[in-house]
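# Architecture and fold: a report
Below are the chains, spelled out letter by letter.
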Amino acid sequence: MCDTLIKVEGVSKKFCRSLKKSLWYGMQDLGNELLGRRHGGNGELRPEEFWAVKDVSFELKRGEALGLIGRNGAGKTTLLRLLNGLIKPDAGRIEMRGKVGALIALGAGFNPILTGRENIYVNASVLGLSKGEIEDKIEEIVDFSEIGEFIDSPVQSYSSGMQVRLGFAVATALKPDILLLDEVLAVGDVAFRGKCFRRIGEILNDAAVIFVSHNEAQIHRICNTALMLDSGRVHFHGETAEVLQSYRGIRCTSTPETRVVKDSRVLEIELQEASEQVEWGGELKLRFRIKLAERMSAGFMLIHFASESEFRANSEVRFPKGEAVRLNMGDNFLEFTLGPVHLVHGSYQISFSVFDESGKKTVAQLFDVCRMEVFGPVGSGPTHLIPMTLNIQTDSGTAG
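Predicted model, so just to flag it, every value in this text is computed and none were measured. (Residues numbered from 1 in each chain as written. Predicted model: local features only at pLDDT ≥ 70, side-chain atom pairs only at ≥ 80, totals over all residues. Heavy atoms only, no water.)

### Focus: the overall build of the protein
Within the protein, the secondary structure is distributed over eight helices and 22 strands. By sequence separation, contacts in the protein at least 24 residues apart represent 75% of the contacts at least 6 residues apart. In the structure as shown, the protein presents an accessible area of about 19,500 Å², 50% of it carried by carbon and sulfur atoms. (Helix = DSSP H or I, 4+ residues; strand = E, 2+ residues; numbered from the N terminus. Contact = heavy atoms within 4.5 Å. Areas by Shrake-Rupley, 256 points an atom, 1.4 Å probe, with all protein chains shown as cover.)

Written out as structure tokens, the structure is:
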């Protein structure tokens, strides 16, 4: 028996940003395939198309675990879908030997109307198991998933954690030769994640595992090799520690991928100044600019910290009802001083939110606006709420 279970050679996949053009290209490609011609314009990109995965090659043997890392949009999930046969590549070749277990998207493969038990039968049947084999496994799956009395309830009534537990239990209990996991350990409690790690360790001797995660600790724990994608291309493939070190270097030198959410009253919102490094127990300085089309009141502001080890912390300022701070039309400058910062040693992504006078409706948000490094003793006791003071200036002077 060949020990190479996954072989990927020059695989590429492109998508189209325009829905109308995507439908037109799809019709063209289908016609070319029916006529025995190569589809996709001989490999070049057509207007509005982009490479989601480009010229990716690797092999994975039995007993090996590969970690896929990269920023959002790097092509990790697309590559997993190609490997699982959910979409087909535009170029290249994929060989998969043996039974494949996959948990790529939350609730993927589950019929929401069917019960958890019925979905187990359906998923196991698709993998080629007989009814008797499924009945031998079903109690093990139910016990591992900890669904309990909800196993006979429709999956559409399950929480996200329950769906992940059931999906992971099904994917791993059937002893696959290849296991594909995409961010599944980001959902669920600590105890269940521990069970997942033990289960992966049990099947790894007889299987090949591909694991996608933004959590470096989980990648390091599970995988002996890693592959970093950047804009769909292989940036680095090698030993896990070396790839993670290269990934950290790129993150520290690149501009964060900031997502902005704002309502019609907010014309612009940006981070102007930030402390990139903070000593444990020190202070953090942040300065934001918000440009408004009209005057408005803000009753609540939140600064959120997210670490790679999944630790979360907040710093917030609330204004009593009826005393919400007034923000003027035009530019408003919000200067925050946070401290003492008692966060665990490590790297944190910072997000910022402004809420309306009621403190419930979001007015503006900046996600992952900057990165901050906290230096201090490893494992220093974390705090979940950091004290904060706020000074607001507008074009016409001091506000609120």
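### Focus on unusual backbone geometry
For residues that are not glycine, phi is negative in most cases, and the peptide bond is trans in most cases. With an omega of 0 degrees, the peptide bond running from Gly339 to Pro340 counts as cis. By the element assignment, Pro340 lies in the loop between β18 (330-338) and β19 (346-355). Positive phi, normally seen in glycine, also occurs at Glu48, with a value near 75 degrees. With respect to the helices and strands, the residue Glu48 is situated in the loop between α1 (19-34) and β2 (49-61). Judged by its relative accessible area of 38%, Glu48 is partly exposed. Unusually for a residue other than glycine, Asp368 sits at a positive phi of about 50 degrees. Its place among the elements puts Asp368 in strand β20 (residues 362-375). (Buried < 20%, exposed > 50% of the residue type's maximum accessible area, 1.4 Å probe, protein only.)

### Here's the deal with the sheet that holds β2
Read across the sheet, three strands follow the order β2-β1-β4 without closing on themselves; strand pairing throughout is antiparallel. The open sheet has two edge strands with one neighbour each: β2 and β4 (91-96). Neighbouring strand axes in the sheet, compared pairwise and without regard to direction, differ in orientation by 20 degrees on average. When strand β1 (residues 4-16) meets β4, the two strands line up antiparallel, connected through five bridges. Directly across from Ile6, in β4, lies its bridge partner Met96. (Pairing = 2+ DSSP bridges. Axes fitted to C-alpha atoms, helices over the stretch in contact; angles between N-to-C directions.)

### A look at helix α4 (residues 131-145)
With 15 residues, α4 ought to run about 21 Å at 1.5 Å a step, and its terminal C-alpha atoms sit 20 Å apart, in line with that. The largest bend in α4 comes to about 35 degrees, at Lys137. Taken as a whole, α4 has its buried residues at Ile134, Ile138, Ile141, Val142, Phe144 and Ser145. Residue Glu146 follows α4 closely and has a positive phi angle near 60 degrees. (Expected span 1.5 Å × (residues − 1). Bend = angle between axes of the 7 residues up to and from the residue.)

### Details of the side chain of Thr240
Relative to the helices and strands, Thr240 resides in helix α8 (residues 240-253). Under the relative-accessibility criterion, Thr240 is labelled buried at 4%. Ignoring sequence-local partners within four residues, the contact set of Thr240 consists of Ile219, His220, Cys223, Asn224, Thr225 and Ala226.

### Things to note about the environment of His220
One can find His220 in helix α7 (residues 216-222). On the accessibility criterion, His220 (46% relative accessible area) is partly exposed. Once the C-alpha coordinates of His220 and Ala241 are considered, the two residues, 21 residues apart in sequence, prove to be 7.1 Å apart. Not counting the four nearest positions on each side in its chain, His220 is found in contact with Thr240, Ala241 and Leu244.

### Re the confidence of the model for the protein
Here the protein averages 82 in pLDDT, while 86% of its residues score no lower than 70. Contacts of residues 396-400 to residues separated by more than four positions or lying in other chains number nine contacts, the stretch itself having pLDDT below 50. (pLDDT = per-residue confidence, 0-100.)

### Section: the packing of aromatic side chains
Within the structure shown, the criterion is met by six aromatic pairs. The interplanar angle of 20 degrees and the centroid separation of 5.9 Å between the aromatic rings of Phe144 and Phe168 together place this pair among those described as stacked. One end of the pair, Phe144, is in helix α4; the other, Phe168, is in helix α5 (residues 160-173), and 24 residues separate them in sequence. For Phe144, a relative accessible area of 10% puts it in the buried group. You can call Phe168 buried: its relative accessible area is 0%. Centre to centre, the rings of Phe336 and Phe352 are 5.5 Å apart; their planes meet at 65 degrees, and the pair counts as edge-to-face. Separated by 16 residues along the polypeptide, Phe336 in strand β18 and Phe352 in strand β19 bring together distant segments of the chain. Ring pairs connect the aromatic residues Phe288, Phe336 and Phe352, which therefore count as one cluster. Over the aromatic face of Trp51 sits the side chain of Lys54, whose NZ or CZ is 4.1 Å from the ring centroid. The ring centre of Phe144 lies 4.6 Å from the NZ or CZ of Lys195, which sits over that ring. (Phe/Tyr/Trp six-rings, centres within 6.5 Å; stacked < 30°, edge-to-face > 60°. Lys NZ or Arg CZ within 6 Å of the ring centre and 35° of its normal.)

### Re the sheet that holds strand β7 (residues 208-212)
Pairing is mixed across the open sheet formed by six strands, whose spatial order is β5-β6-β7-β3-β8-β9. Pairing within the sheet leaves two strands with one partner each, and these edge strands are β5 (100-103) and β9 (233-239). Within the sheet, the average angular offset between the axes of one strand and its neighbour, ignoring direction, is 15 degrees. In this structure, strand β3 (residues 65-69) lies alongside strand β8 (residues 225-230), joined through four bridges in parallel fashion.

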